[in-house]
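Listed here are the chains, written in short residue letters.
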Amino acid sequence: MKNEKPVLVTRSSLPPYEEYMEMLKPIWESAWLTNMGEFHEKLKEKLRDFMKAENLELFVNGHTALEMAIQAFELEGEVITTPFTFASTTHAIVRNGLKPVFCDIKPEDYTIDENKIESLITPKTCAIVPVHVYGNICNWEKIQKIADKYGLKVIYDAAHAFGEEIDGAGVGSLGDASMFSFHATKVFNTIEGGAVVFKDPELKDRLYQLKNFGITGEESVEFVGGNGKMNEFQAAMGLCNLKYIRQNIEKRKKLTELYRGRLEGIKGIRLVKEQENIAYSYTYMPVLFDGYRLNRDQVYARLKEHNITPRKYFYPCVNAYQCYSSMYHPEDTPVAKKVSQGILTLPLYADLDQETVERICRIILED
Ligand SMILES: *Cc1c(COP(=O)(O)O)cnc(C)c1O
């Protein structure tokens, strides 16, 4: 068993080597490496089409995109968000000088519980930052209603929802803005990279300036920006990868169906129910062990024995992190705490073979 080929939770999608190499030639010819070059502009256009997004700005990574999206709205005070997410979501709020207020999640799809948001609103609340966890889309209608009632901004962490559509509309059309991540481990990658899709076209200049040090003219700097520019090598990778995105999503769909076929209906194993009006990108394969004869950590250990590495994602919850432990308690969000202790994301990537999925399921299910 020791010499079984290692299987990791994910594996980056890469275009054919020659295709990327070919893309590098014009970069050498122009010697234009970054600062919104030709490939940057081309990728932006192609992504706007693919994501059905009216307004889109590219960034060096998803985290910086989220940080700068939040900064662009010039917020002050408290932000209602979820503790069941990646560190980036909360850090982006805190690094903007804002205070996260954690709202619990729903046991059905692990997104923020829209029915618990209103009781957390105070006169200081300025925004809601929900997360489309594993590509499950939040209850955006209810969230928008609350935001409208109290005059709050809604900025989605849509890092898990690249390419998804809801009733035929790009998922980035929800709220005031959405952040997408193009990190190497995501469905679509530009090595590192990200984007903000946003509603108000007037935000375009601000986002552009924020990612370029707040520079507004050759001799003027009006904002305290940072450096969030995507470079040409990243954009070239994105252009290559985008050609294969549909077939990659199709492969992920097949693998997801295979996992579901094997694991659905097993006592103590819970899968999220898909919604009919959403076109998914099959970004993750989360499985909740809740009353199964093995607990999550036992399943994890068993898979590890077979050289298979799933991921306890998200565990721990953000409100259990050392850096936040003096201010927050995971007990305040019991559903998030419980889910984080039972969840395991299984290996899923375009080039994973069906036999491996069968094997993973056998290992989980065998006595
Ligand atoms: C990946 C991810 C991010 C951060 O994106 P990077 O591109 O890695 O900076 C933020 N939030 C969530 C939920 C993510 O999965």
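Caption draft 1: Representation of the overall build of the chain within the structure. For the chain, the count of helices and strands is 11 helices and 17 strands. For 367 residues, the compact-globule estimate of 2.2 N^0.38 gives 21 Å, and the C-alpha radius of gyration of the chain, at 21 Å, lies within 12% of that figure. Reported as C-alpha extents along the three principal axes, the dimensions of the chain are approximately 70 × 55 × 40 Å. Within the chain, the fraction of its 367 residues that count as buried is 56%.

Caption draft 2: The site of the ligand, seen in detail. Neighbouring the ligand are 15 residues; Gly 62, His 63, Asp 157, Ser 181 and Lys 186 lie closest to it. Gly 62 is positioned such that a nitrogen or oxygen atom in its backbone is 2.8 Å from an oxygen atom of the ligand. Contacts to the ligand include Ser 181, whose side-chain N or O atom sits 2.7 Å from an oxygen atom. Relative to its unbound accessible area of 380 Å², the ligand is 93% covered by the protein chains. Its atoms largely coinciding with the cavity grid, the ligand occupies the largest pocket. When grouped by side-chain class, the residues that make up the shell around the ligand number 4 nonpolar, 9 polar and 2 charged.

Caption draft 3: Structural detail: the side chain of Lys 211. Examined against the element boundaries, Lys 211 turns out to sit in the loop between α6 (203–210) and β11 (215–217). Among the residues examined, Lys 211 registers a relative accessible area of 0% and is labelled buried. Within polar-contact distance, the side chain of Lys 211 engages the side chain of Glu 57 at 2.9 Å. Dropping the residues within four chain positions of it, Lys 211 is found in contact with Met 36, His 40, Glu 57, Leu 58, Phe 59, Met 68, Gly 226, Asn 227, Gly 228 and Lys 229.

Caption draft 4: Structural context of the nonpolar core. Counting residues in each nonpolar core, the largest one holds 51 residues, and the members touching the most others are Leu 43, Leu 47, Met 51, Ile 117, Phe 162 and Phe 182. Where this core is concerned, the elements lending two or more residues are α1 (17–30), α2 (38–50), β2 (55–59), α5 (140–150), β6 (153–157), β10 (194–198), α7 (232–242) and α8 (245–263). The element contributing the most residues to this core is α7, with 6 residues. When residues of this core are sorted by domain, at least three fall in each of domain 1 (17–242) and domain 2 (245–365). For Met 51, the residues in contact, after removing those within four places along its chain, are Leu 56, Phe 162, Gly 170, Phe 180 and Val 197.

Caption draft 5: Geometry of the sheet that holds strand β15 (residues 285–289). As summarised here, the arrangement of the 3 strands in space is β13-β15-β17, forming an open sheet in which the pairing is antiparallel. Looking at the sheet topology across the chains shown, the edges are occupied by β13 (269–270) and β17 (343–346). Relative to β15, β13 runs antiparallel, the two being bridged by 2 bridges. In the strand pairing of β15, Ile 269 is matched with Phe 289.

Caption draft 6: Here's a closer look at the packing of α1 against α7. Across the interface, α1 lies against α7 with an axial gap of 10 Å and an inter-helix angle of 140 degrees. On the basis of their axis angle, the class for α1 and α7 is oblique. You can see that α1 and α7 cross each other, and the crossing is right-handed. Residue-level contacts link Glu 19, Tyr 20, Met 23, Leu 24, Ile 27 and Trp 28 of α1 to Glu 232, Phe 233, Ala 236, Met 237, Leu 239 and Cys 240 of α7. Among the residues forming the contact of α1 with α7, the class breakdown is 10 nonpolar, no polar and 2 charged.

The rules we used
- Residues numbered from 1 in each chain as written.
- Predicted model: local features only at pLDDT ≥ 70, side-chain atom pairs only at ≥ 80, totals over all residues.
- Heavy atoms only, no water.
- Helix = DSSP H or I, 4+ residues; strand = E, 2+ residues; numbered from the N terminus.
- Rg over C-alpha atoms; globule rule 2.2 N^0.38 Å.
- Buried < 20%, exposed > 50% of the residue type's maximum accessible area, 1.4 Å probe, protein only.
- Near = heavy atom within 4 Å.
- Polar contact = N/O pair within 3.5 Å; in protein donor to acceptor, adjacent residues only side chain to side chain.
- Areas by Shrake-Rupley, 256 points an atom, 1.4 Å probe, with all protein chains shown as cover.
- 1 Å grid on protein atoms, 1.4 Å probe; cavity = no way out; pocket = protein on both sides within 12 Å on 5 of 7 lines; lining within 4 Å.
- Sits in = over half its atoms within 2 Å of the grid points.
- Nonpolar A, V, L, I, M, F, W, Y, C, P; charged D, E, K, R; others polar.
- Contact = heavy atoms within 4.5 Å.
- Core = buried A, V, L, I, M, F, W, Y, C linked by side-chain atoms within 4.5 Å.
- Domains from an automatic or database assignment.
- Pairing = 2+ DSSP bridges.
- Axes fitted to C-alpha atoms, helices over the stretch in contact; angles between N-to-C directions.
- Parallel < 35°, antiparallel > 145°, perpendicular 65-115°, else oblique.
- Left-handed = near helix turned anticlockwise from the far one by under 90°.

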